[in-house]
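Chain by chain, the residues run as shown.
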Amino acid sequence: MKTRYPVKWPITLIALSSAYSVNSYAEDFAKVKADLRLRYERVEQDNARLDADALTLRTRLNVVTKTVEGFSVVLDIEDSRRVFGLDDYNDTLGHNTNYSVVADPETTEVDQAFVQYKSKGLTAKIGRQVIVYDNHRFLGHVGFRQDRQTFDGVSVSYKGLKDLSVDYAYLGKRNRIFSDEKDVDSKDHLFNAAYKTAYGKLSAYAYLLEVDSTESNSLDSYGLRFTGKQKMDSWGFLYTAEYAHQNNKTSNQNFDANYALLELGASVSGLTTKVGYELLGSDNGNYGFSTPLATLHKFNGWTDQFLATPMQGLEDRYISFSGKVWGGKWLLAYHDFSADQPDNAIGAAAIDDLGDEIGLQFVMPFAKRYSWGLKYASYSAGDSASNKVDTDKLWLWLGAKF
């Protein structure tokens, strides 16, 4: 008999009551906000796993104290619950493993808890916090999932010079999206510097990652990124170029791989079109460029087929269209996937065609505090040797902020 999990509402009630509190002391001391998201997710895959259905409620309570001499405290409590008994899915923690995966396990945890200091362009934080650099490709919060990613550590950001910003962070723990059972102790050093020009923003970065373990290991990435937009009459033009080199080293292996991105876009009459090429390179078919701290759902298709880069590497050629209609925003995207080095894997079958995917999304706010969204993605597998299967995913959600 399948275990059913009861509906648990305490943190939801606490969040709502706190957000609506009119206690004068609370108003003088801190600001309290609540963020709720009820989401249905459906996953169908062409394999032996059963189709997944998940209905989950994510509640986040945010408290920010009044700033005193530049210091303030931020506290977020986050809770994710299966609701109304709709829990036919593999949550990655041992629940219903015969179903397809929906990576939203039940959890109640401290999402953020940090002391912050601000003064003359300097912002410093110590504690558990959200950290995002550039477009989330190397470091993000994975906010699409119900339990978002945060980090324990120290971060410093300086924007006291015109057009220049410098960021550094040391991470002692990666609080991942799978509840605290899969959090990772680390010794990560992150550097990011950006300079704004008349043509766009130039970023330089070094992300030096190390898992805190008895085995020697390092995952070091160094790169440059340039992104900008220009307006000409009624047209807007967008462009992004990025390159990075990565070295993955352990006590018994040493791999190198390259990353590249080129994206061009144009906007006119409310319609934006983008075409792009993204490369997560391979080291002779034995290692694929890795970004373990990224908001991975944002890249390479919404069905999450490439959360881990194949050893043969990944080339993603894509096109997207977006605009506004009925008071909301829509997005249509298509991806064509192939291997970077299809024939070089030692002892493995050649892989070239890694499939394609189409996705559609519509998001609309209403009544000031609310929003709803609908999202669908369909992936068609390529070469059988790639171990990918046809996958369809559907999301429907309702959000509220108080």
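As the structure is a prediction and not an experimental result, all values here were calculated from the model.

(A) Structural detail: the environment of Leu-161. Tracing the sequence through the fold places Leu-161 in strand β6 (residues 150-161). Placed 40 residues apart in sequence, Leu-161 and Gly-121 show a C-alpha to C-alpha distance of 8.0 Å.

(B) Geometry of the packing of aromatic side chains. Under the counting rule described, the total for this entry stands at 20 aromatic pairs. Here the aromatic rings of Phe-226 and Tyr-239 are separated by 6.2 Å at their centres, their planes lie at 15°, and the arrangement is stacked. In this pair, Phe-226 sits in strand β10 (residues 217-232) while Tyr-239 sits in strand β11 (residues 235-250), placing the two residues 13 residues apart along the sequence. Take Phe-226: its relative accessible area is 26%, and that puts it in the partly exposed class. Here a set of aromatic residues connected by ring pairs shows up, and it is made of Tyr-133, Phe-138, Tyr-205, Tyr-207, Tyr-259 and Phe-289. Stacked on the ring of Phe-299, the Lys or Arg Arg-137 has its end atom at 4.4 Å from the ring centre. Over the aromatic face of Phe-178 sits the side chain of Lys-182, whose NZ or CZ is 5.1 Å from the ring centroid.

(C) Structural context of the environment of Lys-274. Along the chain, the position of Lys-274 falls in strand β13 (residues 271-280). Given the relative accessible area of 29%, Lys-274 is considered partly exposed. Note: C-alpha distance between Lys-274 and Ser-320 (46 residues apart in sequence) is 5.2 Å. Contact partners of Lys-274, with chain neighbours within four places excluded, come to Leu-238, Glu-263, Leu-264, Gly-265, Tyr-318, Ile-319 and Ser-320.

(D) Seen up close, empty space enclosed by the protein. According to the stated counting rule, one finds one cavity of 30 Å³ or more in the structure shown. The computed volume of the largest cavity comes to approximately 40 Å³. In terms of lining, the largest cavity is formed by Phe-138, Tyr-207, Leu-209, Leu-219, Ser-221, Gln-246, Ser-290, Thr-291 and Pro-292. Listed by contribution, the elements that provide at least two residues to the lining of the largest cavity are β9 (201-209) and β10. When grouped by side-chain class, the residues that make up the lining of the largest cavity number five nonpolar, four polar and no charged.

(E) Region of interest: the pairing of strand β1 (residues 30-45). Bridge count between β1 and strand β2 (residues 52-65): 14 bridges; the pairing is antiparallel. Across the sheet, residue Lys-31 finds its bridge partner in β2, namely Val-64. Here β1 folds back onto β2, and the loop between the two strands holds six residues.

(F) Representation of the layout of surface pockets in the model. Looking at the largest pocket, its volume works out to about 1,200 Å³. Forming the walls of the largest pocket are 37 residues, and the residues nearest its centre are Lys-274, Lys-298, Phe-299, Trp-302 and Leu-331. At the level of secondary structure, the elements contributing two or more residues to the lining of the largest pocket comprise β10, β11, β12 (253-268), β13, β14 (314-325), β15 (328-338) and β16 (353-366). In terms of residues, the lining of the largest pocket owes the most to one element, β15, which gives five residues. Classifying every residue of the lining of the largest pocket by side-chain character gives 13 nonpolar, 15 polar and nine charged.

(G) Representation of a nonpolar patch on the surface. On the surface, a nonpolar cluster with roughly 450 Å² of combined accessible area is contributed by Phe-71, Val-73, Val-115, Ile-126, Val-154 and Val-156. At the level of elements, β3 (71-88) and β6 are the ones that each hand at least two residues to the nonpolar patch. Relative to the helices and strands, Phe-71 is located in strand β3. Look at Phe-71 and you get partly exposed, because its relative accessible area is 42%.

(H) Geometry of unusual backbone geometry. A positive phi angle, close to 70°, is found at Asp-163, a residue other than glycine. Assignment of secondary structure puts Asp-163 in the loop between β6 and β7 (164-175). Classification of Asp-163 as partly exposed rests on a relative accessible area of 34%. You will see that Ser-179, though not glycine, has its phi angle at about 65°, which is positive. As for its placement among the helices and strands, Ser-179 is situated in the loop between β7 and β8 (184-196). Judged by relative accessible area, Ser-179 falls into the buried class, the value being 6%.

(I) Summary view of the pattern of salt bridges. Summed over all chains, the structure comprises 22 salt bridges. One salt bridge connects Glu-242 with Arg-225, and the closest N-O pair in it is separated by 2.7 Å. Linking Glu-242 in strand β11 with Arg-225 in strand β10, this pair joins segments that are 17 residues apart in sequence. The buried category is assigned to Glu-242, whose relative accessible area is 5%. A single salt-bridge network, built from bridges that share partners, covers Arg-60, Asp-76, Glu-78, Asp-111 and Arg-148.

(J) Main features of the side chain of Asp-53. Within the secondary structure, Asp-53 is located in strand β2. Under the relative-accessibility criterion, Asp-53 is labelled buried at 13%. In terms of polar contacts, Asp-53 uses its side chain to reach the side chain of Arg-42, at 2.6 Å. With residues up to four places along the chain from it excluded, the contact list for Asp-53 reads Tyr-40, Glu-41, Arg-42, Leu-86, Asp-87, Asp-88 and Tyr-89.

(K) Seen up close, the environment of Leu-394. By secondary structure assignment, the location of Leu-394 is in strand β18 (residues 391-401). You can call Leu-394 partly exposed: its relative accessible area is 30%. When the C-alpha atoms of Leu-394 and Gln-129 are compared, they prove to be 30 Å apart, with 265 residues separating the residues in sequence. Other than its neighbours up to four places away in sequence, Leu-394 contacts Tyr-40, Glu-41, Arg-42, Leu-374, Lys-375 and Tyr-376.

Procedures and definitions
- Residues numbered from 1 in each chain as written.
- Predicted model: local features only at pLDDT ≥ 70, side-chain atom pairs only at ≥ 80, totals over all residues.
- Heavy atoms only, no water.
- Helix = DSSP H or I, 4+ residues; strand = E, 2+ residues; numbered from the N terminus.
- Phe/Tyr/Trp six-rings, centres within 6.5 Å; stacked < 30°, edge-to-face > 60°.
- Buried < 20%, exposed > 50% of the residue type's maximum accessible area, 1.4 Å probe, protein only.
- Lys NZ or Arg CZ within 6 Å of the ring centre and 35° of its normal.
- Contact = heavy atoms within 4.5 Å.
- 1 Å grid on protein atoms, 1.4 Å probe; cavity = no way out; pocket = protein on both sides within 12 Å on 5 of 7 lines; lining within 4 Å.
- Points joined across faces, edges and corners; volume = space filled by probe spheres on them.
- Nonpolar A, V, L, I, M, F, W, Y, C, P; charged D, E, K, R; others polar.
- Pairing = 2+ DSSP bridges.
- Patch = residues over 30% accessible without salt bridge, like charges linked within 9 Å, V, L, I, M, F, W, Y side chains within 5 Å.
- Areas by Shrake-Rupley, 256 points an atom, 1.4 Å probe, with all protein chains shown as cover.
- Salt bridge = Lys/Arg side-chain N within 4 Å of Asp/Glu carboxyl O.
- Polar contact = N/O pair within 3.5 Å; in protein donor to acceptor, adjacent residues only side chain to side chain.

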